[in-house]
Amino acid sequence: MNAPSPRLRLGVNIDHVATIRNARGEDYPEPLRAAELAIAAGADGITAHLREDRRHISDADIVALSDLCRRRGRPLNLEMAVTPEMVDIAVVRRPHAACLVPERREEVTTEGGLDVVKAYDAVTAATHRLREAGARVSLFVEASSEQIMASAEAGAAVVELHTGAYCEAVRHGDDARAGRELARLRTAAIQAQALGLEVHAGHGIDYATVKPVAAIPEVAELNIGHFLIGEAIFVGLQAAIAQMRALMDAARLGATA
Ligand code: PXP
């Protein structure tokens, strides 16, 4: 009998609660309340992206979310660009984890992974500063061998594999591309684990795409946001998270059965 694989963690990204709040310049809906509900619904951690343009999450949100996560004993995963300003904020806030992502002001969401090969010196310097401040550093990368190797060399503890291309292929009904993208994710996960990196995955995941990603045994954590916040409009945040959790658990059980 196979040993049961460790429980796959779910990090809930609450950025888009802030997107709705900011659309009217009001103080509701509160990302903090969403984080509380997510924890009550079984989220293993809270993820929030403090963008340079502060289009959704604000500095005050990060202060409040850090306090909540500390009180509730849940990790806060702070997504951030590789800039001195963001590294300074993370050094002060000391989140459990810092996930370095690429950021362009004109993009709608995080498009593509961080080019660790190209930005190697800056990523390595940021990684070292964050590590010294006690954060586990995760690099959000494409499922590419070069990026994973560079991530390990840069001193990261974790790589988060960008699942956007796989999820987009599934949504567009392009089975051949979805198969290729999933195979790339699997290969990358094996390579990353062999290099001693913890493997996370995220971006664009919904109910239709979660199971094949969750079934990759090397993946320890999924970070999911936009779909859950959208689904919450119809069924409530706790029900949406519970359904995602159930699909993740079923996929994991199937993978080890
Ligand atoms: N992981 C990372 C590193 C991200 O940048 C994002 C998007 O902010 C996510 C996960 C979550 O993606 P989505 O909101 O599409 O579920």
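These numbers come from a predicted model, not from an experiment.

Draft legend 1. Spatial organisation of the packing of aromatic side chains. With the rule as written, the count across this model stands at one aromatic pair. Plain terms: the ring middles of tyrosine 207 and phenylalanine 227 are 4.7 Å apart, the flat faces sit at 75 degrees to each other, and that makes the pair edge-to-face. Taken together, the positions of tyrosine 207 in the loop between β7 (198-202) and α9 (210-214) and phenylalanine 227 in helix α10 (residues 226-235) put the pair 20 residues apart, joining distant regions of the chain. Tyrosine 207 sits in the partly exposed class, given a relative accessible area of 22%.

Draft legend 2. Here's a closer look at the site of the ligand. Of all residues adjacent to the ligand, which total 14 residues, the nearest are Glu79, Glu160, Gly204, Gly225 and His226. Glycine 225 is positioned such that a nitrogen or oxygen atom in its backbone is 2.8 Å from an oxygen atom of the ligand. At 2.8 Å, a backbone N or O of histidine 226 approaches an oxygen atom of the ligand. Residues of the shell around the ligand, tallied by class, amount to four nonpolar, seven polar and three charged.

Draft legend 3. Region of the structure containing the pairing of strand β6 (residues 158-162). Summarising burial for β6: five of the five residues are buried, a large majority. Burial along β6 is two-sided: the face carrying Val158, Glu160 and His162 and the face carrying Val159 and Leu161 are both buried. As paired elements, strand β5 (residues 136-141) and β6 share four bridges and run parallel to each other. Its bridge partner being in β6, phenylalanine 140 is matched across the sheet by glutamate 160. Following the chain from β5 across helix α6 (residues 145-154) to the adjacent parallel β6, one finds a crossover that is right-handed.

Reading the values: the criteria
Residues numbered from 1 in each chain as written. Predicted model: local features only at pLDDT ≥ 70, side-chain atom pairs only at ≥ 80, totals over all residues. Heavy atoms only, no water. Phe/Tyr/Trp six-rings, centres within 6.5 Å; stacked < 30°, edge-to-face > 60°. Helix = DSSP H or I, 4+ residues; strand = E, 2+ residues; numbered from the N terminus. Buried < 20%, exposed > 50% of the residue type's maximum accessible area, 1.4 Å probe, protein only. Near = heavy atom within 4 Å. Polar contact = N/O pair within 3.5 Å; in protein donor to acceptor, adjacent residues only side chain to side chain. Nonpolar A, V, L, I, M, F, W, Y, C, P; charged D, E, K, R; others polar. Pairing = 2+ DSSP bridges. Right-handed = clockwise from strand over helix to strand, strands pointing away.

That's the geometry; what it means functionally is another story.
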